[in-house]
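So the chains spell out like this:
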Amino acid sequence: MKPEREDIIFQALLLIHIPVACLFTAVSGQSGSSSSVVVAGYNVSAPAGSKVLLQCVSGRMVWTRDQLKDRQRVVHWDMYRARPDYAMERVLDMYSAGEQRIYNSYNQGRVGLSHRAFRDGNFSLVIKDVTMNDRGLYSCNLHHLYCHLYETIMVQLNVTKSRRKEQRFWDGHKAVYVVLLGNTVVLPCINRRNVWTDWSHEEEDQQVVHWDRQSPGVRHDRANRLVDLYASGEQRNYGPLFLQRKMNISSQAFSEGDFSLSITNLQPTDQGMYSCHLHHHYCGLHERREFQVTVEAPVIQATLPAKALPSEDKDTTKAESPRVINVILPNQRHHFLMPLGYVLTSFLLLAFVVLIIILITRRRKTKEFYPQPSMRSSRSESSSEEFEMDIADGNVSSLEPEGEKRLDFKNNLLKEKVHTSTQPKVIDLDKEMQKFSK
């Protein structure tokens, strides 16, 4: 019954651990799946009635309305020859418009890419009539100059004259192709990310910056939207009219990369958490900068007589300059669930260890109270009993008359015991004295 009870306890404990582990995994996944990443945080303190500028600058969001959009995406293949000159050679270039440029005249007509490469995301290099000069290390380089994306894929090409040696394998760092001389080979370079294959005609709507404001005690997902600004120049202001007039963004924000929010006539009701969100959906850019704004009361100095004041310092109120402290703020979206998951996991792990210790101690106690007889102990007990019985038999036989003694012994030890256990000699002192007197 006890083993069954222990099994039931273990199963119950495992059933408790499973949902807690799922909860912890879900919390961890939610903490990392935010819509934007906090890249900077600031604490800004300014006196009431002053003007404050929340700086939000990003060079990655600069949009110059470049007309050569088709030349922003390019793929080029390079080859590194190990022998004999150990040199890097450019094979071909291809832009998103479909234009290909082959650098070596020897490769004209036998080396190329598919014309649908930037539509299908397949930039594999096709080499016809492979020769020994084609051996080397090839690299497929994808560049998106506008989004600042650079990716490289490496392929090793070897040429053989034996059909049995043809193979394709991965050496741990790159793909290796062993091709028969004179055949056609396709060196793979596939990347179907939307940034390589799509080009939105409404690219102006792909870039947007918006400012939010959280009042004290309000969560991030319930923040109030202040302003939206698109790369096309469209701007949307939210909230009351007086709020729209005192909080503005420059119309040249996307051309200069400066999306700072200017707040005039700062009041205590304006304090809270401000966040600048930068989104470039086409390039996959999502960043957030947070500003904790605190409004201070103006510092009023004591008023002195007019004669004591210098001619240039007759103002009775002096405002402190804004103080900016740069700090990195973590994402507090799941500030409650994360510690709760850690506490539950630690508690259940401790309970599991305590339960194992209790079960081990109980098993030891049961073994001490109910010892199991072993074969060795039974044999020793039986041999000791036989030994005692033999000794008893020997003592009894020693008391018998000499004619009736038994001469069969089980071992020599018993025989020596019987011979040494003779009765003591009786000496008559009177007779001995008479012998000495004669």
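Just above, that's the structure.
Residues numbered from 1 in each chain as written. Predicted model: local features only at pLDDT ≥ 70, side-chain atom pairs only at ≥ 80, totals over all residues. Heavy atoms only, no water.

Colleague: Could you give an account of the pattern of salt bridges, naming the residues involved and the relevant values?
Modeller: With the rule as written, the count across this model stands at 14 salt bridges. Two residues, Arg116 and Asp120, come together in a salt bridge whose shortest N-O distance is 3.5 Å. Residue Arg116 is classed as partly exposed on the basis of its relative accessible area of 43%. Residue Glu290 pairs with Arg288 through a salt bridge whose shortest N-O separation is 3.2 Å. In this pair, the class of Glu290 matches that of Arg288, namely buried. (Salt bridge = Lys/Arg side-chain N within 4 Å of Asp/Glu carboxyl O. Buried < 20%, exposed > 50% of the residue type's maximum accessible area, 1.4 Å probe, protein only.)

Colleague: Go over the pairing of strand β9 (residues 149-160), please, and point to the residues and values.
Modeller: Strand direction decides the pairing type here: strand β8 (residues 136-144) and β9, joined by nine bridges, are antiparallel. By the bridge assignment, Gly136 is partnered in β9 with Leu157. A loop of four residues connects β8 with β9, the two strands running antiparallel in sequence, and His148 in this loop sits at a positive phi of about 60 degrees. Bridge count for β9 against strand β11 (residues 175-180) is six bridges, and the pairing is parallel. In the strand pairing of β11, Leu157 is matched with Tyr177. (Pairing = 2+ DSSP bridges. Helix = DSSP H or I, 4+ residues; strand = E, 2+ residues; numbered from the N terminus.)

Colleague: I'd like a description of the nonpolar core, backed by residues and values.
Modeller: Formed by 34 residues in total, the largest nonpolar core has its most connected members in Trp77, Phe123, Leu125, Ile127, Tyr138 and Leu187. Looking at this core, the element that brings in the most residues is β9, giving four residues. Once residues within four sequence positions are removed from consideration, Ile127 is found in contact with Arg110, Val111, Asp134, Tyr138, Leu157, Asn183, Thr184, Val185 and Leu187. Counting residues in hydrophobic clusters, the runner-up holds 28 residues, among them Val209, Val227, Phe259 and Leu266. (Core = buried A, V, L, I, M, F, W, Y, C linked by side-chain atoms within 4.5 Å. Contact = heavy atoms within 4.5 Å.)

Colleague: Let's hear about the sheet that holds strand β6 (residues 111-112): which residues, and what values?
Modeller: Picture the strands of a sheet paired through backbone hydrogen bonds; they go either parallel or antiparallel. The strand order across the open sheet formed by three strands is β6-β7-β12, and the pairing between neighbours is antiparallel. Every interior strand has two partners, whereas the edge strands, β6 and β12 (185-187), have only one. Of the strand pairs in this sheet, β6 and strand β7 (residues 125-127) are connected by two bridges, and their pairing is antiparallel. For Val111, the partnering residue across the bridge sits in β7 and is Ile127.

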